Amino acid sequence: MIESSLAQPPKGKLPSCSFFRPQGFEPGWIWNKHVQPISETSSCHVAHTGYILQGRMVVKMDNGSEKELVPGDAFYMPTGHNAWVVGDEPCVLIDITGFGKYAKHS
């Protein structure tokens with residue numbers, strides 16, 4: 001396990017250790033509202049590779065392209081994106097590459 005001292009963004013629950021532990025995002029969570037004030041960047045500048053366990057999330061790239069992720073989807077989100085939870089169910093995912101840099105000042 002790797003200890004981490006990540007800021008806990010509103011409506012997001014990040015584990016305190018182990019980047020293979022699921023992360024949960026509540027309905028209503030949106031990156032540019034809940035994380036952007038922490039990162040102080042116009043979009044997320046951290047790449048993420050992972051797997052959706054529960055719920056749905058939309059990822060919108062800076063170039064305007066958009067994709068909805070659903071349970072069972074493996075994903076790669078390059079830098080330069082916004083994301084938000086869709087629907088009334090929390091989105092639970094495992095992020096194996098971006099976790100250590102998430103929700104930190106750039």
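Now for a look at the structure at hand. (Residues numbered from 1 in each chain as written. Predicted model: local features only at pLDDT ≥ 70, side-chain atom pairs only at ≥ 80, totals over all residues. Heavy atoms only, no water.)

Turning our eyes to something else, we now look at unusual backbone geometry. If you check the backbone angles, Glu40 has positive phi at about 60° while not being a glycine. Secondary-structure assignment places Glu40 in the loop between helix 2 (36-39) and strand 3 (48-54). (Helix = DSSP H or I, 4+ residues; strand = E, 2+ residues; numbered from the N terminus.)

Residues Trp29, Met57 and Leu93 are the most contacted members of the largest nonpolar core, which totals 17 residues. Elements that contribute at least two residues to this core include exactly strand 4 (56-61), strand 6 (74-77), strand 7 (81-86) and strand 8 (91-95). Among the elements that take part in this core, strand 4 stands out by supplying three residues, more than any other. (Core = buried A, V, L, I, M, F, W, Y, C linked by side-chain atoms within 4.5 Å. Buried < 20%, exposed > 50% of the residue type's maximum accessible area, 1.4 Å probe, protein only.)

Our focus in this paragraph is the sheet that holds strand 7. Spatially, the three strands line up as an open sheet ordered 5-4-7, and their pairing is antiparallel. The open sheet is flanked by strand 5 (66-69) and strand 7, the only strands paired with a single partner. Strand-to-strand twist across the sheet, computed as the mean angle between neighbouring axes with direction ignored, equals 20°. Alignment of strand 4 against strand 7, held across six bridges, turns out to be antiparallel. Its bridge partner being in strand 7, Met61 is matched across the sheet by His81. (Pairing = 2+ DSSP bridges. Axes fitted to C-alpha atoms, helices over the stretch in contact; angles between N-to-C directions.)

Inspection of the secondary structure assignment puts Asp95 in strand 8. Here the side chain of Asp95 touches His48 through a polar contact of 2.5 Å, side chain to side chain. At 3.2 Å, the side chain of Asp95 and the backbone nitrogen of Thr97 are in polar contact. (Polar contact = N/O pair within 3.5 Å; in protein donor to acceptor, adjacent residues only side chain to side chain.)

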